[in-house]
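Single-letter residue listing:
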Amino acid sequence: MYAVNKSILLNAITQSMQSSVLSQWLHDFIRNEYDISDPPHSSDLEELYQNPESFHHEQDMVQWTEKLRPCAEALYIVLFENHSQLLGPVVVSLLQEAMKGCPTSVTEITPGLLLKDAAYGAAAYVYYELSNLLSFKDWYNGALSLELSNDHPNMHIIHRKVALILGQWVSEVKDDTKRQVYCGLIKLLQEKNLSVRLAACRSLCLHVEDANFSEQEFVDLLPICWDSCFKLVEEVQEFDSKVQVLNLISVLIAHVSEVIPFAEKLVQFFHKVWEESSGESLLQIQLLIALRNFVVALGGQSPICYNMLLPILRKGIDINCPDELLEDSMLLWEATLSHAPSLVPQLLACFPCLVEIMERSFDHLQVAVSIIEDYIILGGSEFLSMHASSVARILDLVVGNVTDRGILSTLPVIDILIQCFPAEVPPLISNVLQKLIVICLSGRDDYDPSKTAVKASSAAILARILVMNTNYLAQLTAEPSLLLLLQKAGVPIKDNILLCLVDIWLDKVDNVSSTQRKTFGLALSIILTLRLPQVLDKLDQILSVCTTVMLSENNDLSEEESSGDNMSSSRSHGEGTVPSKELRRRQIKYSDPINQLSLETSVRENLQTCAALHGESFNSAIGNMHAAALEQLKKALKMP
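Here the structure is a predicted model, which means the values were calculated and not measured. (Residues numbered from 1 in each chain as written. Predicted model: local features only at pLDDT ≥ 70, side-chain atom pairs only at ≥ 80, totals over all residues. Heavy atoms only, no water.)

*Asks:* Run through the layout of surface pockets, naming residues and quoting values.
*Replies:* Its volume calculated, the largest pocket comes out at about 570 Å³. Along the walls of the largest pocket sit 24 residues, with P412, D415, Q419, R464 and K589 positioned nearest its centre. Secondary structure elements with two or more residues in the lining of the largest pocket: α23 (404-420), α26 (449-468), α30 (514-527) and α33 (580-590). Among the elements that take part in the lining of the largest pocket, α23 stands out by supplying six residues, more than any other. For the lining of the largest pocket, a count of residues per class yields seven nonpolar, eight polar and nine charged. In this model, the second largest pocket occupies a volume close to 430 Å³. Around the second largest pocket, the lining is made up of 16 residues, and of these G400, K435, V438, I439 and S442 lie nearest the centre. Only α23, α25 (430-441) and α26 provide two or more residues apiece to the lining of the second largest pocket. When the residues that make up the lining of the second largest pocket are grouped by side-chain class, the tally is seven nonpolar, three polar and six charged. (1 Å grid on protein atoms, 1.4 Å probe; cavity = no way out; pocket = protein on both sides within 12 Å on 5 of 7 lines; lining within 4 Å. Points joined across faces, edges and corners; volume = space filled by probe spheres on them. Helix = DSSP H or I, 4+ residues; strand = E, 2+ residues; numbered from the N terminus. Nonpolar A, V, L, I, M, F, W, Y, C, P; charged D, E, K, R; others polar.)

Pasting the structure below:
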């Protein structure tokens, strides 16, 4: 109660204190707050040395209103933020006075040592304002580095503050000082006092995550850094401590390239931590994050960790596992598949878990879609032959039951399925394809960009089926179940459903990618071969779209060739940096049958078929075309 009341009092002070007394108040505050004769301070010291781990978390993680010291520090920070120009010189003056009054060789815990500890803490917390008044390089070389050379046990209190400073002042550590600071933090990570080591652990995280982190200056310190982390996890007892160390390990894995040489030790470490983390969901979440970084770092060599990884993954994606583990488990699953050089049986056997997850909710739809895509790209026909019904079940669950954004993220998976398996997949997902037809023929997208995108992408999938499995789409559009579905959706059908789709392809050609535009063009050219007189009513529009696509195809092909060159370049210049999935996806895109087909040839041949089917009516329809449009068509078909 005293601490809370004191905090209220201190907050009141900041409202009423005049700037004229702020300097003197701050001067007295820093001195008196660390008076060695004050019983609370001696209690702090006793805690630091006897229960260093508890001391670390109490000082750094407790809510500031629950303890007097954090409460006072919070007041100090607020005052400094509002009066930095006035108080900055005061803090620097006190810091210089404290360092001068207590040389780095001092080993006794004296008022001077505690004043220096207080001044160091004060400077650490407001680094963003003091950097204009204090050169970090000079401070480090002239004092902080010398503090680290004093190994006396009584120096733990100072070493802990030095660790804090090195982390807080990370933005001021320039290239010419990085190496010394990294070495200093590694030394602190090896100290006997757990409070010091945990403070160093947190500061190392800040340095490794910093945008200007120099791996070159750090790489030879990695072996001792890994070993120090492994030992620290063994020695700490508190849950928060283990999470903190595991976070450093995860950050190191994500930011350094030299991971594979330490893979065996990391595998053993992760296995042991997982075995000991039963019931500790927050620790397990941190471990799952670290494992994901580990898999990404290993890349194509990730199978070396499968004996440890896959049992953990299987447990995390089990429908009966704690809900809080599911998201990170699925992200780990996706990363494992993305970097897998091949699909091992254990991973293949995991797929049914995704059905159970999606049946429960769509909370993880985005990563679920990526996982399905991974399996298609990685597993190919082996995957489809084993899990076709599960894939169909998931797609049927999603399409028609999620938002437009959710459908948009799912449609590329349907497209790649049909591209890779044009004969096998459409009959498997007939329910889904019927829903896509309903989406295409439903109105209400004129003023809604997301609905327009859904309709255009759905239409592109149906166009692909017409191009790659013509007979199936004709069969699907004649199904009585489709007519019933359209009636339930309130979609009036006055014409052949396939001709209704033609209207959508004509309307949405400007809302799709270059490959989808070509797909529309190829589908429309196939429509020319239908024995339906209504085709001639749309002949002008069909040929106009096909002409536009053909004339723009040269530019689109240049883009594709550039994309292909980039793919070849990635192969020859560091393939290991590109996930296996990404390389395979590019290969699939590059080998898309749509890219291999000639729209010019298709239009020319199908026009001849159309002329043979409709005779004089065809000639009449061609004769009614605008002369300029006919000239453009001839140009696209390279006709004289």
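*Asks:* Just give me the short version of the side chain of R464, but keep the residues and values in it.
*Replies:* Structurally, R464 is set in helix α26. Judged by its relative accessible area of 3%, R464 is buried. Within polar-contact distance, the side chain of R464 engages the side chain of D415 at 2.9 Å. (Buried < 20%, exposed > 50% of the residue type's maximum accessible area, 1.4 Å probe, protein only. Polar contact = N/O pair within 3.5 Å; in protein donor to acceptor, adjacent residues only side chain to side chain.)

*Asks:* Tell me about the packing of helix α19 (residues 323-338) against helix α21 (residues 352-360), residues and numbers included.
*Replies:* Geometry of a packed helix pair, given as the angle between the helix axes and the separation of the axes. Two elements in contact, α19 and α21, have axes separated by 13 Å at closest approach and are oriented at 135 degrees. Comparing the axis directions of α19 and α21 gives the class oblique. Our pair here, α19 against α21, has a crossing hand that is left-handed. Facing D323, L326, M330 and W333 of α19, the residues of α21 in contact are C353, L354, I357 and R360. When grouped by side-chain class, the residues that make up the contact of α19 with α21 number six nonpolar, no polar and two charged. (Axes fitted to C-alpha atoms, helices over the stretch in contact; angles between N-to-C directions. Parallel < 35°, antiparallel > 145°, perpendicular 65-115°, else oblique. Left-handed = near helix turned anticlockwise from the far one by under 90°. Contact = heavy atoms within 4.5 Å.)

*Asks:* Let's hear about helix α15 (residues 239-255): which residues, and what values?
*Replies:* Its 17 residues place the ends of α15 25 Å apart at the C-alpha level, agreeing with the 24 Å of an ideal helix rising 1.5 Å per residue. Those residues of α15 not exposed but buried are S241, K242, V243, Q244, V245, L246, L248, I249, S250, V251, L252 and I253. (Expected span 1.5 Å × (residues − 1).)

*Asks:* Give a detailed account of the nonpolar core, specifying residues and quantitative values.
*Replies:* Of all hydrophobic cores here, the largest spans 215 residues; its most connected members are W139, F270, F294, W333 and W505. Examining the composition of this core, we find that 19 residues originate from one element, helix α22 (residues 365-398), more than from any other. The contacts of F294, once residues within four sequence positions are left out, are I253, V259, A263, L266, V267, F270, C305 and M308. (Core = buried A, V, L, I, M, F, W, Y, C linked by side-chain atoms within 4.5 Å.)

*Asks:* Break down the packing of aromatic side chains for me, with residues and values.
*Replies:* A complete count under the given rule lists 18 aromatic pairs for this structure. Residues Y76 and F80 carry aromatic rings whose centres are separated by 6.0 Å and whose planes lie at 65 degrees to one another, so their mutual orientation is edge-to-face. Here Y76 and its partner F80 are both found in helix α5 (residues 68-82), four residues apart, which amounts to about one turn of the helix. Looking at Y76, the relative accessible area reads 3%, which means it is buried. (Phe/Tyr/Trp six-rings, centres within 6.5 Å; stacked < 30°, edge-to-face > 60°.)

*Asks:* Give me the lowdown on the side chain of K178, citing residues and values where you can.
*Replies:* Along the polypeptide, K178 turns up in helix α11 (residues 175-188). Here K178 sits buried without a salt bridge, and the closest side chain of opposite charge, D175, lies 4.4 Å off (N-O distance). A distance of 3.0 Å separates a polar atom in the side chain of K178 from the backbone oxygen of N212. Those residues in contact with K178 that lie beyond four places of it in its chain are V173, D210, N212 and S214. (Lys, Arg positive; Asp, Glu negative; His and termini not counted. Salt bridge = Lys/Arg side-chain N within 4 Å of Asp/Glu carboxyl O.)

*Asks:* Residues and numbers for helix α9 (residues 136-148), please.
*Replies:* Think of an α-helix as turning once every 3.6 residues; residues three or four places apart then point the same way. An ideal rise of 1.5 Å per residue puts 18 Å on 13 residues; α9 reaches only 16 Å between its terminal C-alpha atoms. At G142, α9 shows its largest bend, some 35 degrees. Turning to α9, its buried residues are F136, W139, Y140, A143, L144, E147 and L148. (Bend = angle between axes of the 7 residues up to and from the residue.)

*Asks:* How would you sum up the state of the cysteines? Please name residues and give values.
*Replies:* Applying the stated criterion to the full structure yields zero disulfides. Its sulfur unpaired, C205 is 5.5 Å from the next cysteine sulfur, which belongs to C201. The exposure class of C205 is buried, given its relative accessible area of 5%. (Disulfide = S-S within 2.5 Å.)

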